[in-house]
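# Chain and residue survey
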Amino acid sequence: MSDAPVDADEVRHVASLARVALDDEEVETFTAQFQDILEHFDALDEVPAVEAEPDLVNVMRADEIEASLSQDEALRNADETEDGRFKGPRVS
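Throughout what follows, the structure given in this document is the object of discussion. Keep in mind that what you see is a predicted model, and the values were worked out from it rather than measured.

### Observations regarding unusual backbone geometry
- Even without a glycine there, the phi angle at Arg 19 is positive, about 55°.
- One non-glycine residue, Asp 83, adopts positive backbone phi at about 50°.
- Within the secondary structure, Asp 83 is located in the loop between strand 1 (81-82) and strand 2 (85-86).

Put into structure tokens, the structure is as follows:
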């Protein structure tokens, strides 16, 4: 079990920081869930350290130059273009 158990006050504090309203039942549920999560992290302490990294190998294929579309061909079916580029809708 984790050295620092999670208590209801900590859950309420985190909920407050996240601006999430929790009732007493939800606080109780989250307190138990957070404690379970911390116990899973404690279990990671038992995983043995790896002594050496395996030799890394590049698994990507070599780049090969191939024929492709011209800029005009690529933009031919675009709804809108601007300065030789695709133009999309405003995000904000």
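### So, the packing of helix 1 (residues 8-17) against helix 2 (residues 24-44)
- Running from N to C, helix 1 and helix 2 point in directions that differ by 105°, and their axes come no closer than 9 Å. Looking at the two axes, helix 1 sits roughly perpendicular to helix 2. Here Ala 8, Val 11 and Arg 12 of helix 1 lie close against helix 2, whose contacting residues are Asp 24, Val 27, Phe 30, Thr 31 and Phe 34.
- Its residues assigned to classes, the contact of helix 1 with helix 2 shows five nonpolar, one polar and two charged.

Quick notes on the rules
Residues numbered from 1 in each chain as written. Predicted model: local features only at pLDDT ≥ 70, side-chain atom pairs only at ≥ 80, totals over all residues. Heavy atoms only, no water. Helix = DSSP H or I, 4+ residues; strand = E, 2+ residues; numbered from the N terminus. Axes fitted to C-alpha atoms, helices over the stretch in contact; angles between N-to-C directions. Parallel < 35°, antiparallel > 145°, perpendicular 65-115°, else oblique. Contact = heavy atoms within 4.5 Å. Nonpolar A, V, L, I, M, F, W, Y, C, P; charged D, E, K, R; others polar.

Distances and angles like these do not, on their own, reveal function.
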